[in-house]
Amino acid sequence: RLNKKPAALLLRQGPGRVPPRPDLEPELYLRVRDPAGALRAAFRRYPSDAPAPRCEMSRYLPLPASAKWASGLTPEQSCPRALDGTWLMVSVSSPIFSLSSFLRPDSEPQPEPDLITMVTEKGRHRIQNRLQALSFVLTVLTHTPTARIQLGKDALLDLKFAYMPPTSEATTSLAPGPPPFGLEWRRQHLGKGHLVLAATPGLSEQMPPAQDGAVAFAAWDDDEPWGPWTGNGTLWLPAVQPFQEGTYLATVHLPYLQGQVALELAVLKPPKVSLTPAPFVWATRGEAPPQLHCLVSHFYPSEGLEVEWEVRGGPEGSFQKAEGQRWLSALHHHSDGTVSLSAYLQPVPVTAEHHGARYACRVHHPTLPALGRSAEVTLEVAGLSGPTLEDGVGLFLSAFLLLGLIKALGWAGECEPHLDPDPRCDSDSPCLLPEA
């Protein structure tokens, strides 16, 4: 069982003395130095009305990378002496950003501790308020901890990292410029893990092939001789499909340090809704209208779908739940990973008051707004429908076309051709024409 204790990180001290925290153990009240400014920059972008991030801190032991393709990062047989000492790992998670950082105590002289007065049940006594000073060595950060991408669209999973050698001895022992690093992206879903992409810029290692057309922008952003350095490891996934969703683990490998953050990728597609028969459904008084079929098609994910039947108008004169027998079909799976479903309603027998009522199929899904998406049909009760403007226009056009047809037939009769009589023949004797 883990024994958790409260701790505090002082990122920036204002004027005056250090704010006292007598509720914390001395070794858990830490003043941290951020040479690359990665953590401060992340908090500057944090909305004031957003929920506070969660922070956890634990001890860390530097180890070489376990992946074979990253073995070139640690040619030494043992961990360098420059990495000796106490290491802490800090993880910060929130809907806005997530990061993982490694801290190491500063080798610089510590300032004299402040004396503060602490009041307890046993009385007042003075204690030392010394803050342990640490520096961020490696920070891995993402601004897309949860990505919701439409099916078929490209996904960009953000990843930034910053590195500052832990000691001046470590800095001078290295060649000027940023060190080689390894980048690893893995996907975990439904208990299975897959390597999506691996890269070691600056090293001639044999890399596993990238999966799903993934591309990473793996490079340092600057080439300062002694640091700090910042880098980019953003992953691009073209035209994402449902099988690509899950938890993505992004790991930055440095010699004996591995910083990792987790990102969630969700693939979404809102449903299309259609209702038949449409736009009208007919019924006789005392009988039930025909069965209504609501097709909810090509959506993802299949979880979270709800179908409601509503009726507007009728005897109640307002919105209400539609009465009748209702049922759902089984899911139909498409080749692109989306699914479709049919919902059915057999309405109850209607009366004259139901004339003009509108039946609606309303669908709720995580990809839709709170009101969902709906399709409607209008109920017409036989014998109660009076002529409408559309009916009048239709009758006028029909009469106009019929009148035109009658006139056309009359003109055709008047224009029938007549043959002129042969002058060699008269009406009293037959006329025999010579054969040709």
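As shown above, the structure is provided for reference.
This report concerns the structure included in the present document.

Parameters and conventions
Residues numbered from 1 in each chain as written. Predicted model: local features only at pLDDT ≥ 70, side-chain atom pairs only at ≥ 80, totals over all residues. Heavy atoms only, no water. Buried < 20%, exposed > 50% of the residue type's maximum accessible area, 1.4 Å probe, protein only. Helix = DSSP H or I, 4+ residues; strand = E, 2+ residues; numbered from the N terminus. Pairing = 2+ DSSP bridges. Polar contact = N/O pair within 3.5 Å; in protein donor to acceptor, adjacent residues only side chain to side chain. Contact = heavy atoms within 4.5 Å. Salt bridge = Lys/Arg side-chain N within 4 Å of Asp/Glu carboxyl O.

What to know about the pairing of strand β21 (residues 280–283)
Then step 1. Residues of β21 alternate between two faces, with Val281 and Ala283 buried on one and Phe280 and Trp282 left unburied on the opposite face.
Then step 2. Where β21 lies against strand β29 (residues 373–381), four bridges are found, and the strand directions are parallel. Bridge pairing in β29 links Trp282 to Glu380.

With respect to the sheet that holds β21
Then step 1. The strand order across the open sheet formed by five strands is β21-β29-β28-β23-β24, and the pairing between neighbours is mixed. Each edge of the sheet is formed by a strand with only one pairing partner; in this case those strands are β21 and β24 (320–321).
Then step 2. Bridge count between strand β23 (residues 306–312) and strand β28 (residues 358–364): seven bridges; the pairing is antiparallel. Following the sheet pairing, Val307 is matched in β28 by Val363.

Concerning the side chain of His365
Then step 1. As for its placement among the helices and strands, His365 is situated in the loop between β28 and β29.
Then step 2. Among the polar contacts made by the side chain of His365, one reaches the side chain of Thr367 at a distance of 2.7 Å.
Then step 3. In this view, His365 contacts Lys269, Pro271, Phe299, Tyr300, Pro301, Glu303, Gly304 and Leu305; residues no more than four positions away in its chain are not counted.

So, the pattern of salt bridges
Then step 1. Summed over all chains, the structure comprises ten salt bridges.
Then step 2. One salt bridge in this structure joins Asp23 and Arg21, with 3.0 Å as the shortest N-O distance.
Then step 3. With relative accessibility at 33%, the residue Arg21 sits in the partly exposed group.
Then step 4. Between Arg362 and Glu310 there is a salt bridge, with the nearest N and O atoms lying 2.9 Å from each other. With a gap of 52 residues between them, Arg362 in strand β28 and Glu310 in strand β23 connect regions that are remote in the sequence.
Then step 5. Classification of Arg362 by relative accessible area gives buried; the value is 14%.
Then step 6. Overlapping salt bridges, with partners in common, bring together Glu310, Arg312, Arg358, Arg362 and Glu376 in one network.

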